[in-house]
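# Secondary and tertiary structure notes
Residue strings, one per chain:
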Amino acid sequence: MEYNHREIESRWQNYWRENKVYHAEIDKNRKKFYVLDMFPYPSGAGLHVGHPLGYIASDIYSRYKRLQGFNVLHPMGYDAYGLPAEQYAIQTGQHPEVTTMQNIARYRSQLDKIGFCYDWDREIKTCDPEYYKWTQWAFIKMFNSYYDKDADKAMPISKLIKHFEEKGTEGINAASTKEFEFTAERWKGMSAKEKSDTLMNYRIAYLGNTMVNWCPKLGTVLANDEVSEGVSIRGGYPVEQKLMYQWCLRVSAYAGRLLDSLERLDWTDSLKETQRNWIGRSEGAEMIFKVDNSDLELEIFTTRADTIFGVTFMVLAPESAYVEKITTPERREEVNAYLDSIKHKTERERMIDKKVSGVFTGAYAINPVTGKKIPVWVSDYVLAGYGTGAIMAVPAHDSRDYAFARHFDLPIIPLIEGADVSEESFDAKSGKMINSSNGRLDLNGKEVKEAIAETKRFIEAEGIGKVKTNYRLRDAIFSRQRYWGEPFPVYYKEGIPEMLDESLLPLKLPQIDRYLPTESGEPPLGRAENWVSPEGYPLELCTMPGFAGSSAYYLRYMDPRNNEALVSHEANDYWRSVDLYIGGTEHATGHLIYSRFWNKFLYDLGEVCEDEPFKKLVNQGMIQGRSNFVYRIKDTNTFVSRGLIDQYDVTPIHVDVNIVSNDILDTEAFKNWRPEYKTAEFILEDGKYVCGYAVEKMSKSMFNVVNPDDIVERYGADTLRLYEMFLGPLEQSKPWDTNGIDGVNRFIKKLWGLFYKGDTLHVDDSEPTKENLKSLHKLIKKVTGDIETFSYNTSIAAFMICVNELASQKCRSREVLAELLVVLAPFAPHVAEELWHSAIGRDTTICDAQWPAFNEDYLKEDTVNYAVSFNGKARYNISAPADAAKEDVEKMALGHELAAKWIDGKNIKKIIVVPGKIVNIVIG
RNA sequence: GCGCAUAUGGCGUAAUUGGUAGCCGCGUUAGACUUAGGAUCUAAUGUCGUAAGACGUGGGGGUUCGAGUCCCCCUAUGCGCACCA
């Protein structure tokens, strides 16, 4: 029987599906293991060969764990809301749901062909009302919560209201947008609107006036992680800063916990570092500077409290509310002109333009430590959104302040002994302080770190400041002026936002006729008819962003059809959290932060039992494209082979990689590829047309997209799976190169040949030989170790060696071959099932098998070869009994006649014996 | 600018974690078979050299009997953050 991948793979895929082999249910007698892939956004282009890389890796792990007896949860679903489907809808009028469902069907058929062990009964789609009901539900919970900093967790907003009623803000330590102070009487006297506005400062999901990333081209706001270098990540359109009234999530309240619990996660250091950078903790102090001749006080944040004696001016962010308040009448005109010039710049322009700019407000502040009068400036190098939007400038020890001081000719006072500030600032946090004493606070002679601590103590004692930790992490902007997303369960009653009753969820996305904003500039939902609450109040017109649906999907898989809860306590108690999560690093500062936040929030509420969602995370590398080129001689239709291009004036042209094999062009296929090449002529080398190549992003425009379906059709899913893993280390990015796939395909055929000679099975119950067992157990040891460390590429090599060895040993032993198949099953499940079924256990499938135990005894040798070397230089080999003691090996080496010759006339200093490897004789 | 990775044959990579560098695969070369091929099988394949041998893990230094692996200094590439006070 020949190896026929089409027949084998469809047979077993059908079998698995019909028998629900991979369906998981809670089973308290077995240990659970939860393996998750980052679910895909179903794009119109379908899967290319890079997408399944991580899925194959997780599939191997899942199958391995299952063979080890774990109850494995391995689900899949779709992140179905997103901009591309909506952009397509705007262009074509096609409802995004229609295109999304088509794309999902295509993805599903592509995934099915690869033979994954997903439990499809648990499939979820984020655009399914039964799913997004729980996204809306979580939002309501966030609206009804605030973050209590003392308890360090989210609490019901009702508790805060009760406190306000009894004591006002006294004793409240809560995460808030602004700091408030009022009495219980004041609270009781507030109007409903005032109360609502006040509570918005505390709610975890809140409406706030925030500076947002507004993308005019996309017509929506974007979160920080959706913007890079001033342009939108999707589409690459310019993004500008705009103050808007938006729904936000108070992610910043969780910054400390998000940072601290990173320690406990089994993620790569680089990913944790990326998150640490993004969260950006900095410990410093807030200090108050009084404005001269005024009651106003400016609050600044600094990490270098020690440099207080070197403050020669202050700078406010252009957006700071203080600018308006402190600017003197004489300076008003100039300040306004400056603010205008800033406003007209986009974020991108502000970033590109690194020229120093700024304007003096005319006001002075008093340094609280020295009592000196210092000028207050405005400049766009100070950010409104970080710290207090105001800084104390220490030009001697901060490069930005230095550049500013130089430009505007402001004084520079060095504070560190030996620091030369004539050319540049001295930013390092080291050295001994000078010029830093006012009598009560004396930092002179102290090290910087000590001086920082000392100054902090001083300002707290004097009441001129306090120790403060700041985070770079901002609250997530949660509104999108878009159609294709989850509707907010929010209506506005006389302008006051209210949550819909939970019993009304899901609030379904309404049908609309067009997907563009309304004429009056409202979001697309403004077109929906009767978009009102049951009481007739208008509903929110924005929808939620992409990350809303992906933030808790891993919880929903645990209990996907539950109508009463996101996840039942029973299911959550059993499946707990994701044991292994595989996905790309591109989600490091988006999804992986939001999910952790969302999970911690639900944890605070007691809805879930684990504080972190993803215990172990593995980042698969990106598969890049490998483009091929043909070289056309200028102004002709003649193409010249790569080796000969030096002799002609040629233009390289991308050619479809699917008509190129091992860099050899199929010239006939090329002629038929496009009409203009119908008459193409070729100048060949050795009768072949050799193409050039380059590594580029895999994309349609480079003609380097390889579809997994084509590979599966030609070589089979097992070959695709093995080859993807064989390509190199999982975490590493690498180009897809179909050259080389024959190697793994040949391996499968050899494996097949181990069982079948022609049509007869060559498997019997003969006793395994010592060699058989050694080959097998070498494999078991290697693969078991590799799977745990995701070194799948070296496992494939081990399979090849093992099969070659067993073939040359003419192994027929059912016992040996059975274990070989079990070990292979996670990697190449179809062929393993087929051979198992026909050669090993006719009434069973390989899913019933047990992962074989490794036995060290089989690997033991009778004799062991030692390399004898002198001063590290290898000279000859000796062989010794495997159980020989070090001393005996030493003696053997010495007694060797060659040894005698080599060490002749030299002193032996020592002899180092590495068991089973090396005898090194140190002479001198 | 700050931080994190990575660097090994013509190519993708491996190295029991300090112990004979180059496993496995691709490619290449030669041969066998042959229905003449983009099939299969066998062998060779780091570089220089007829050989003995010498050299060889981005470059330079160091530790060690012994370094791809550890330490120091460079260089290059990739990624992340970036007026974050």
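Here goes a summary of the coordinates provided. Here the structure is a predicted model, which is why all the values come from computation and not from measurement.

With that settled, consider the state of the cysteines. This model, assessed by the stated rule, comprises zero disulfides. Lacking any disulfide linkage, Cys 117 is separated from the closest cysteine sulfur, that of Cys 847, by 8.7 Å. Among the residues examined, Cys 117 registers a relative accessible area of 0% and is labelled buried.

For the rest of this paragraph, the subject is the pairing of strand 16 (residues 373-378). Among the six residues of strand 16, five are classified as buried, and the element is accordingly described as predominantly covered. Here strand 14 (residues 313-316) runs beside strand 16; their pairing, made up of three bridges, is parallel. Pairing of Val 315 across the sheet is with Trp 377, part of strand 16. Relative to strand 16, strand 15 (residues 359-366) runs antiparallel, the two being bridged by five bridges. Within strand 16, the residue paired with Val 359 across the bridge is Val 378. Hairpin connection from strand 15 to strand 16: six residues lie between these consecutive antiparallel strands, with Gly 371 at a positive phi of about 75°.

Here we take up the packing of helix 24 (residues 770-789) against helix 26 (residues 814-824). It is the contact of helix 24 with helix 26, at a shortest axis distance of 10 Å, that shows an interaxial angle of 15°. Here helix 24 is positioned roughly parallel relative to helix 26, judged by the angle of their axes. Like other packed secondary-structure pairs, helix 24 and helix 26 cross with a definite hand, here left-handed. Residue-level inspection shows Asn 772, Leu 773, Leu 776, His 777, Leu 779, Ile 780 and Val 783 of helix 24 in contact with helix 26, the latter providing Val 816, Glu 819, Leu 820 and Val 823. In terms of residue class, the contact of helix 24 with helix 26 is made up of eight nonpolar, two polar and one charged.

With that out of the way, let us pick up unusual backbone geometry. For the peptide bond that leads from Leu 505 to Pro 506, omega is -5°, which places it in the cis range. Along the chain, Pro 506 turns up in the loop between strand 21 (496-499) and helix 16 (546-550). Phi angles above zero are rare outside glycine, and Asp 409 is one such case at about 60°.

Glancing now at helix 27 (residues 829-840). Since there are 3.6 residues in each turn of an α-helix, residues three or four apart along the chain are aligned in direction. Helix 27 sits mainly inside the fold: eleven of its twelve residues count as buried. Buried residues of helix 27: Pro 829, His 830, Val 831, Ala 832, Glu 833, Glu 834, Leu 835, Trp 836, Ser 838, Ala 839 and Ile 840, and no others.

Here we take up the protein's contact with RNA strand B. Lining the immediate surroundings of RNA strand B are 46 residues, of which Thr 303, Arg 400, Gln 732, Arg 746 and Asn 920 lie closest. For RNA strand B, the backbone makes up 60% of the atoms found within 4 Å of the protein, where backbone means sugar plus phosphate. Note that a phosphate oxygen of RNA strand B is positioned 2.8 Å from one of the side-chain N or O atoms of Ser 282. A distance of 3.0 Å separates a base nitrogen of RNA strand B from a polar atom in the side chain of Arg 714. Elements represented by at least two residues in the surface near RNA strand B include exactly helix 10 (269-279), strand 13 (297-302), helix 23 (741-755), helix 25 (792-808), strand 36 (908-914) and strand 37 (918-923). Here the surface near RNA strand B is built from residues that sort into 17 nonpolar, 17 polar and twelve charged.

This part takes up helix 8 (residues 192-200). For helix 8, the set of buried residues is Ser 196, Thr 198, Leu 199 and Met 200. The inward-facing, buried residues of helix 8 contact helix 5 (129-143), helix 6 (157-167), helix 7 (184-189), strand 7 (205-215), strand 11 (240-249) and strand 21.

Attention now goes to the packing of aromatic side chains. Across all of its chains, the model carries 61 aromatic pairs by this definition. Each ring, one from Tyr 118 and one from Trp 120, has its centre 5.4 Å from the other, and the planes form 75°; the classification is edge-to-face. Residues Tyr 118 and Trp 120 agree in their burial class; the two are buried. Between Phe 478 and Phe 547 the ring centres are 5.6 Å apart and the planes differ by 55°, which places this aromatic pair in the tilted class. Linking Phe 478 in the loop between strand 19 (476-477) and strand 20 (490-493) with Phe 547 in helix 16, this pair joins segments that are 69 residues apart in sequence. Overall, Phe 478 belongs to the buried group, its relative accessible area being 0%. Counting every residue linked through ring pairs, the aromatic cluster contains Phe 33, Tyr 61, Tyr 64, Phe 70, Phe 747, Phe 790, Tyr 792, Phe 799, Phe 827 and Trp 851. Positioned above the aromatic ring of Trp 120, the side-chain terminus of Arg 108 is 3.8 Å from the ring centre. One cation-aromatic arrangement involves Arg 203 over Phe 143; the distance from NZ or CZ to the ring centre is 3.7 Å.

Glancing now at the sheet that holds strand 22 (residues 578-583). Here four strands make up an open sheet; going across it, the order is 2-1-22-23 and the pairing parallel. Of all the strands in the sheet, the pair left with one neighbour each is strand 2 (71-73) and strand 23 (614-619). For this sheet the average axis-to-axis angle between neighbouring strands, irrespective of direction, equals 20°. The pairing of strand 22 with strand 23 spans five bridges and is parallel. Pairing of Gly 583 across the sheet is with Asn 619, part of strand 23.

This part covers the sheet that holds strand 34 (residues 863-870). Strand pairing in a sheet relies on backbone hydrogen bonds. The paired strands run either parallel or antiparallel. The sheet built from four strands is open, its strands ordered 35-34-37-36 with mixed pairing. Every interior strand has two partners, whereas the edge strands, strand 35 (873-881) and strand 36, have only one. Along the sheet, successive strands turn relative to each other by an average axial angle of 20°, direction set aside. Pairing geometry for strand 34 and strand 35, over eight bridges, is antiparallel. In the sheet register, Ala 867 faces strand 35, and the bridge partner there is Asn 877.

Calculation criteria
Residues numbered from 1 in each chain as written. Chains lettered and ligands numbered in written order. Predicted model: local features only at pLDDT ≥ 70, side-chain atom pairs only at ≥ 80, totals over all residues. Heavy atoms only, no water. Disulfide = S-S within 2.5 Å. Buried < 20%, exposed > 50% of the residue type's maximum accessible area, 1.4 Å probe, protein only. Helix = DSSP H or I, 4+ residues; strand = E, 2+ residues; numbered from the N terminus. Pairing = 2+ DSSP bridges. Axes fitted to C-alpha atoms, helices over the stretch in contact; angles between N-to-C directions. Parallel < 35°, antiparallel > 145°, perpendicular 65-115°, else oblique. Left-handed = near helix turned anticlockwise from the far one by under 90°. Contact = heavy atoms within 4.5 Å. Nonpolar A, V, L, I, M, F, W, Y, C, P; charged D, E, K, R; others polar. Near = heavy atom within 4 Å. Polar contact = N/O pair within 3.5 Å; in protein donor to acceptor, adjacent residues only side chain to side chain. Phe/Tyr/Trp six-rings, centres within 6.5 Å; stacked < 30°, edge-to-face > 60°. Lys NZ or Arg CZ within 6 Å of the ring centre and 35° of its normal.

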